[in-house]
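Chain and residue survey
One-letter residues, chain by chain:
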Amino acid sequence: MELRTLGKSDVKITPIILGTWQAGKKMWVGIEDEDSIKAIRSAFDAGITTVDTAAIYGDGHSERIVGQALADVRDQVVYATKVWCANMKYDQVIAACHQSLQNLKTDYIDLYQIHWPSGNFKTEIVPIEETMAALVKLQEQGKIRAIGVSNFTTAQMAEAAQYGRIDSLQPPYSLFWRPVETDQMPYCVDNDISIIAYSALAQGLLTGKFGLNHQFAEGDHRSKNKLFADRENYQRVQAALAALRPISAAYDCSLAQLSLAWLIAQPQTSAIVGVRNAEQAMSNAKAAAVKLSPEDLAKIDAIGHTVTDNLDDNQVMWDF
């Protein structure tokens, strides 16, 4: 799989990135550690050598599973993890990084990201200058190679960039969720900041596996996702999927692979995709080989807008 440069750093990432929120188990159902480890390893074997996780995913459990799965090939993989918004003070950032290093069984993190701006989820507001000072210090010490942000607006990115180089933004971005295109993307393109899209398959919607009357199990956070919860919008989603199916058939690929191929063809964008098993990991990796024509990229784009043009401008996907 081709490698891409992360921002202005010397870190090289794959266009398809393995997401491991589900490996943390919390807020998911039916997840077993053994299956997570097999999926992570299968993704690596299929050429996905960049893995995204976070300290908050299962209170470090996801990081520990990633470390367990890939410890013997650490020099061949890129680890991206995140510090939670409740730990934005200087000493808290340092301590959180050290804990993540321990969880991941490594002495450096390739990409260390601010998960959410401080103040979110009723956390204390900490000046970004203080948080960035800690991240720059960790970078100078070689404990992290690049600094990224997640769920930041353009204004928040610009402020953070006053105190250190920002190499990536991680926003929610998929064919069915696209506020980043009009807000942050122009800034990222102008400043060589990589876009690492999470919920790249709209939390499974773009696989086509959820029918019109699907109900999530109790405890599955996706029941709070606006794309699922609004019934009128969910009907528009099903119509869009029906329109995408002939295009995926023409390319002899799945809906998921088609959606990922469209996403990684967008400016400076790579896609984070979560998996539950080895089969999903191998299937996602194949999306990198799907090369869409300009005409079909435009068709897919227009189909996506039949969903997204009816959404509000709030970039948060969930009503938690």
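Residues numbered from 1 in each chain as written. Predicted model: local features only at pLDDT ≥ 70, side-chain atom pairs only at ≥ 80, totals over all residues. Heavy atoms only, no water.

**Some points on the environment of aspartate 45**
Heads up, the rule is: Under the scheme used here, helices are H or I runs from DSSP no shorter than 4 residues and strands are E runs no shorter than 2 residues, and both carry numbers assigned from the N terminus. Exposure classes here rest on a 1.4 Å probe applied to the protein chains alone. A residue is buried below 20% of its type maximum, exposed above 50%, and partly exposed in between.
If you trace the backbone, aspartate 45 turns up in helix 1 (residues 33-45). Taking the relative accessible area as the measure of exposure, aspartate 45 reaches 60% and is therefore exposed. Through-space distance from the C-alpha of aspartate 45 to that of alanine 281 is 9.4 Å; in sequence the pair is 236 residues apart.

**Digging into the pattern of salt bridges**
Between side chains of opposite charge, a pair can form as their charged atoms come close. The condition is simple: A pairing counts as a salt bridge when a side-chain nitrogen of Lys or Arg comes within 4 Å of a carboxyl oxygen of Asp or Glu.
Overall, the coordinates contain 13 salt bridges when judged by the stated rule. Here arginine 4 and glutamate 2 are joined by a salt bridge, their closest N and O atoms 4.0 Å apart. Residues aspartate 110 and arginine 74 are paired through a salt bridge, measuring 3.0 Å at the closest nitrogen-oxygen approach. Of this pair, aspartate 110 sits in strand 6 (residues 109-114) while arginine 74 sits in the loop between helix 2 (61-70) and strand 5 (78-83); the two residues are 36 residues apart in sequence, bridging distant segments of the chain. Across the pair, exposure class does not vary: aspartate 110 and arginine 74 are buried alike. Each member of the salt-bridge network shares a partner with another, and the members are Asp10, Arg74, Asp110 and Arg145.

**Considerations on unusual backbone geometry**
Both trends apply: most residues other than glycine have a negative phi, and most peptide bonds are in trans. The phi angle at asparagine 151 is positive, at roughly 65 degrees, despite the residue not being glycine. Looking at where asparagine 151 falls in the secondary structure, it is placed in the loop between strand 7 (144-150) and helix 5 (154-160). Under the relative-accessibility criterion, asparagine 151 is labelled buried at 15%.

**Overview of the packing of aromatic side chains**
Which entries qualify depends on this criterion: The aromatic pairing rule takes the rings of Phe, Tyr and Trp, using the six-membered ring of Trp, and pairs them if the centres are within 6.5 Å, calling planes under 30 degrees apart stacked, those over 60 edge-to-face and the rest tilted. Only lysine NZ and arginine CZ atoms are considered, and such an atom sits over a ring when it is within 6 Å of the ring centre and within 35 degrees of the ring normal.
For the structure on display, the rule yields five aromatic pairs. Their ring planes at 85 degrees and their centres at 5.6 Å tell us that tryptophan 21 and tryptophan 28 sit as a pair that is edge-to-face. Among the residues examined, tryptophan 28 registers a relative accessible area of 16% and is labelled buried. Chaining the aromatic ring pairs together yields one cluster made of Trp21, Trp28 and Tyr57. Here the guanidinium or amino end of arginine 74 rests over the ring plane of tyrosine 79, the centre of that ring lying 4.1 Å away. Arginine 74 extends its terminal NZ or CZ atom over the ring of tyrosine 108, reaching a point 4.0 Å from the ring centre.

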